Amino acid sequence: MRRITDGDWPPGFQLPSEAELCREFGTSRGPIRQALAFLRSEGAVTGGRGRPPMVRSSVPSQSFSTFNSFTEWASGIGKKPGQRTLEVARREASPEAAEALGLMPGTTVVEVLRVRYLDEAPAMIERTTFILDVGRKLFDFDTDSGSIFAFLKEQGVDLHSARHTIDAVAASDEDAELLEQPEGIPLLRERRITRSADGQPLEYSEDRYLPALTNFTIDNTVDRRAALVRIHTDPQSTQGATP
């Protein structure tokens, strides 16, 4: 993976044969095939079934199965992550958030609204709801400074697992304004429920991504659980494409 992320093996590069890799690393075909299977599962290479493995045209760095944040993912692909906070507020949970978090209607929560950036270009809108015991910690944190998840983990919050639901929606007036895009353009929506190790819901988020900058892939096999992978999309590759 390091050779891909460092650019030694650029997009479109055909990987050496298994025999060549065995000679280079002084190992047998078994470990080499396991390494290639891992690269395929992460979406870093394509190929298989008689086709030589090649580096993907857009190299992913963050699999949701590893549970890293947007900030860690962006940094991992060599992009400058950024965020602009529009709101951190204590209020009653919305019906959707209350249901997702298992709360009674009217329960007080903490809501965060941020725009996330890749290399200073708007890429995603983040609308997040935290249960009060977790969210109140954010009033002592500069949410424009970096990853909320990283801060909460430092505070001892048990962000253990998450369930993601992906679909497509049309950009609302607010979405279009925040992302500096025309109203009604298609966006990728990720709805996430994050739980502690004992299963308690701690966070519900609805994130809306520009598909011209980010998309998601799933790679699976008969003997491996599917891994959901977030990919930075090269805008040049989408020019001329129709929705």
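Residues numbered from 1 in each chain as written. Predicted model: local features only at pLDDT ≥ 70, side-chain atom pairs only at ≥ 80, totals over all residues. Heavy atoms only, no water.

### Overview of the sheet that holds strand β4 (residues 81–92)
Read across the sheet, six strands follow the order β4-β5-β6-β9-β8-β7 without closing on themselves; strand pairing throughout is antiparallel. With one partner strand each, in any of the chains shown, β4 and β7 (161–170) form the two edges of the open sheet. Across this sheet, the average inter-strand angle for adjacent strands is 15°, counted without regard to direction. Bridge count for β7 against strand β8 (residues 186–195) is 10 bridges, and the pairing is antiparallel. Paired with Ala168 across the two strands is Leu188, which belongs to β8. (Pairing = 2+ DSSP bridges. Helix = DSSP H or I, 4+ residues; strand = E, 2+ residues; numbered from the N terminus. Axes fitted to C-alpha atoms, helices over the stretch in contact; angles between N-to-C directions.)

### So, the packing of aromatic side chains
Tallied over the entire structure, the rule returns two aromatic pairs. Seen in terms of ring centroids, Phe141 and Phe151 are 4.3 Å apart; in terms of plane orientation they differ by 15°. Their pairing is stacked. Residue Phe141 is located in the loop between α6 (132–135) and α7 (148–154), and its partner Phe151 is located in helix α7; the two are separated by 10 residues in the primary sequence. In this pair, the class of Phe141 matches that of Phe151, namely buried. (Phe/Tyr/Trp six-rings, centres within 6.5 Å; stacked < 30°, edge-to-face > 60°. Buried < 20%, exposed > 50% of the residue type's maximum accessible area, 1.4 Å probe, protein only.)

### Brief notes about the confidence of the model for the protein
Looking at the protein as a whole, its pLDDT mean stands at 82, while 78% of the residues score no less than 70. Confidence scores differ between elements of the protein, with strand β3 (residues 62–63) showing the lowest mean pLDDT of 44 and α6 the highest of 98. The model gives residues 59–66 a pLDDT under 50, and that stretch makes 29 contacts with residues more than four places away or in other chains. Segment residues 237–243: pLDDT under 50, and three contacts once partners within four positions in sequence are set aside and those in other chains are kept. (pLDDT = per-residue confidence, 0-100. Contact = heavy atoms within 4.5 Å.)

### A few points about the pairing of β8
Counting buried positions along β8 yields seven of 10 residues, so the element is predominantly enclosed. Where β8 and strand β9 (residues 201–209) come together, eight bridges link them in antiparallel fashion. Bridge assignment links Leu188 to a residue of β9, and that residue is Tyr209. If you look at the hairpin formed by β8 and β9, you'll find five residues sitting between the two strands, and Gly199 has a positive phi there, around 95°.

### Brief notes about the pattern of salt bridges
This structure, assessed with the given rule, holds 20 salt bridges. Glu120 serves as the salt-bridge partner of Lys80, at 3.5 Å between the closest nitrogen and oxygen. Within this pair, whereas Lys80 is found in the loop between α4 (70–76) and β4, its partner Glu120 is found in the loop between β5 (108–118) and β6 (121–131), the two being separated by 40 residues in sequence. According to the relative accessible area criterion, Glu120 is exposed, its value standing at 62%. Glu111 is the salt-bridge partner of Arg91, the closest N and O atoms lying 2.8 Å from each other. Taken together, the residues span a long stretch of sequence, with Arg91 in strand β4 and Glu111 in strand β5 at a distance of 20 residues. Judged by its relative accessible area of 17%, Glu111 falls in the buried class. A network of salt bridges, in which partner residues are shared, links Glu96, Arg127, Asp167, Glu174, Asp175, Arg189, Arg191, Glu206 and Arg208. (Salt bridge = Lys/Arg side-chain N within 4 Å of Asp/Glu carboxyl O.)

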